[in-house]
Amino acid sequence: MAPIVIVDAGHGGIDPGGGNSAQFTEKAMTLNISLYQYRRFQELQIPVALTRSSDVTLQSEDRTALVRNSGARYCICNHINSGGGRGSEVIYSIYSSAAFPRLIADELEAEGMPNRRIFTRTLPNNSKQDYYYMNRETGSVETVIIEYGFADTPLDADKLAKDWQTLAEAVIRAFCEYTNLTYQPPKTAPPSTGGGSNNGGNGNANPRNGSGNPSTGGGSDVPDWKQEAIDWMFDQGLLTNEDWRNQADTSLPLWAEAVILKRLYEKLKP
Ligand SMILES: [Zn+2]
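Given the structure is predicted, the values throughout are model-derived calculations rather than measurements.

Student: Tell me what's going on with the coordination of the zinc ion, and back it up with residues and numbers.
Tutor: Taken together, the protein ligands of the zinc ion are His 11 (NE2), Glu 26 (OE) and His 79 (ND1), with distances of 2.0 to 2.1 Å. Spacing between the donor residues of the zinc ion along the chain follows H-x14-E-x52-H. Taken together, the residues span a long stretch of sequence, with Glu 26 in helix H1 (residues 26-43) and His 79 in strand E3 (residues 74-81) at a distance of 53 residues. Per residue, the accessibility class of Glu 26 equals that of His 79, and both read buried.

Student: Please give an account of the side chain of Lys 27 that cites residues and values.
Tutor: For Lys 27, the position within the fold is in helix H1. For Lys 27, the residues in contact, after removing those within four places along its chain, are Gly 10, His 11, Gly 12, Gly 13, Asp 15, Pro 16, Arg 52 and Asp 55.

Student: Now, about the sheet that holds strand E2 (residues 48-50): what can you tell me, with residues and values included?
Tutor: The strand order E2-E1-E3-E8-E4-E5 describes an open sheet built from six strands, whose pairing is mixed. The open sheet has two free edges, formed respectively by E2 and strand E5 (115-119), since each of these has just one partner strand. If you compare each strand with its neighbour and ignore which way they point, the axes differ by 20° on average. Bridge count for strand E4 (residues 88-91) against strand E8 (residues 142-150) is three bridges, and the pairing is antiparallel. Pairing of Glu 89 across the sheet is with Glu 147, part of E8. Sitting on the sheet, H1 is in contact with strand E1 (5-9), E2, E3 and E8, with an inclination near 150° to E3. Sheet contacts for helix H5 (residues 154-179): E1, E3 and E8; angle to E8, the most-contacted strand, approximately 155°.

Student: Explain the nonpolar core residue by residue, including any values.
Tutor: In terms of nonpolar packing, the biggest core is built from 36 residues, with Phe 41, Ile 76, Ile 104, Leu 108, Ile 146 and Tyr 148 touching the most fellow members. For this core, the secondary structure elements donating two or more residues are E1, H1, E2, E3, helix H3 (99-110), E8 and H5. Other than its neighbours up to four places away in sequence, Ile 104 contacts Val 90, Val 144, Ile 146, Val 171 and Ala 174.

Student: Go over the layout of surface pockets, please, and point to the residues and values.
Tutor: Empty pockets left among the atoms are what a rolling probe the size of a water molecule brings to light. By volume, the largest pocket amounts to about 310 Å³. The wall of the largest pocket is formed by 14 residues, among which Glu 43, Leu 44, Gln 45, Gln 184 and Lys 187 lie closest to the centre. Considered class by class, the residues forming the lining of the largest pocket number six nonpolar, four polar and four charged. Its volume calculated, the second largest pocket comes out at about 230 Å³. Around the second largest pocket, the lining comprises 17 residues; the ones closest to its centre are His 11, Asp 15, Arg 63, His 79 and Tyr 133.

Student: Could you give an account of the pairing of E1, naming the residues involved and the relevant values?
Tutor: Of all five residues in E1, five are buried, a share of seventy percent or more. Residue alternation in E1 divides its side chains into two sets, Val 5, Val 7 and Ala 9 and Ile 6 and Asp 8, and both sets are buried. As paired strands, E1 and E2 are joined by three bridges and run parallel to one another. From the neighbouring strand, Val 7 faces E2, where its bridge partner is Leu 50. In this fold, E1 hands off to H1, which returns the chain to E2; that crossover is right-handed. Bridge count for E1 against E3 is five bridges, and the pairing is parallel. Within E3, the position partnered with Ala 9 by the bridge is Asn 78.

Parameters at a glance
- Residues numbered from 1 in each chain as written.
- Predicted model: local features only at pLDDT ≥ 70, side-chain atom pairs only at ≥ 80, totals over all residues.
- Heavy atoms only, no water.
- Donors = N, O, S within 2.8 Å, 3.2 Å for Na, K, Ca; no water.
- Helix = DSSP H or I, 4+ residues; strand = E, 2+ residues; numbered from the N terminus.
- Buried < 20%, exposed > 50% of the residue type's maximum accessible area, 1.4 Å probe, protein only.
- Contact = heavy atoms within 4.5 Å.
- Pairing = 2+ DSSP bridges.
- Axes fitted to C-alpha atoms, helices over the stretch in contact; angles between N-to-C directions.
- Core = buried A, V, L, I, M, F, W, Y, C linked by side-chain atoms within 4.5 Å.
- 1 Å grid on protein atoms, 1.4 Å probe; cavity = no way out; pocket = protein on both sides within 12 Å on 5 of 7 lines; lining within 4 Å.
- Points joined across faces, edges and corners; volume = space filled by probe spheres on them.
- Nonpolar A, V, L, I, M, F, W, Y, C, P; charged D, E, K, R; others polar.
- Right-handed = clockwise from strand over helix to strand, strands pointing away.

Here is the structure:
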């Protein structure tokens, strides 16, 4: 089956990219993000392809040919910025709309990476052609270039090193919103370091780091396996009232049990 989306890990092989920090090279970070997104699209049963799945060199003509000939309708190009600045940038073609880039920027912001700008750029001598070859040479594929942050801005670089998975996940959410395909949070939640959310992107801070932490506070002693099961219910959106999270041994009223079962039923319904 032809892919709906093709994920492009920027640079690779002899080309490390320019977005390098002490903690990562651009080519390695874009590959991490891309492989993550590839697995997630598979998990969501959205047909997906990759331009590269390892540290290989791809000439720009080969890269664009892979995208053009993939049969995909969308292409997500992953990059890390450099040159001083703060936050993400999303670049799109003059022949497509800002809708998808806007959603990407919003979802990245919900994960704590501010957006610097979304924009198009044309060749200096031809206002009918995109400046960036991934926008210009990928035919009818709707291609967005995502610069997740600036490798040479410590705030961004630290965020990327720590939270690249939740940022990669934010783009999956944006894609599903844009294409109206069903989104489900990851089965194995990306490790959250505080600001991330894996409960659908509503930006809730991780309550496990909150004042009611059952493993450290209040003298309660909830074994991990119990708390993990409770947290799973929150991650799945089956339980939403945070008050329940720290009451491992309290029984739920019948109505709450009914709500959980109803939500589970809705989720499983084809
Ligand atoms: Zn790049």
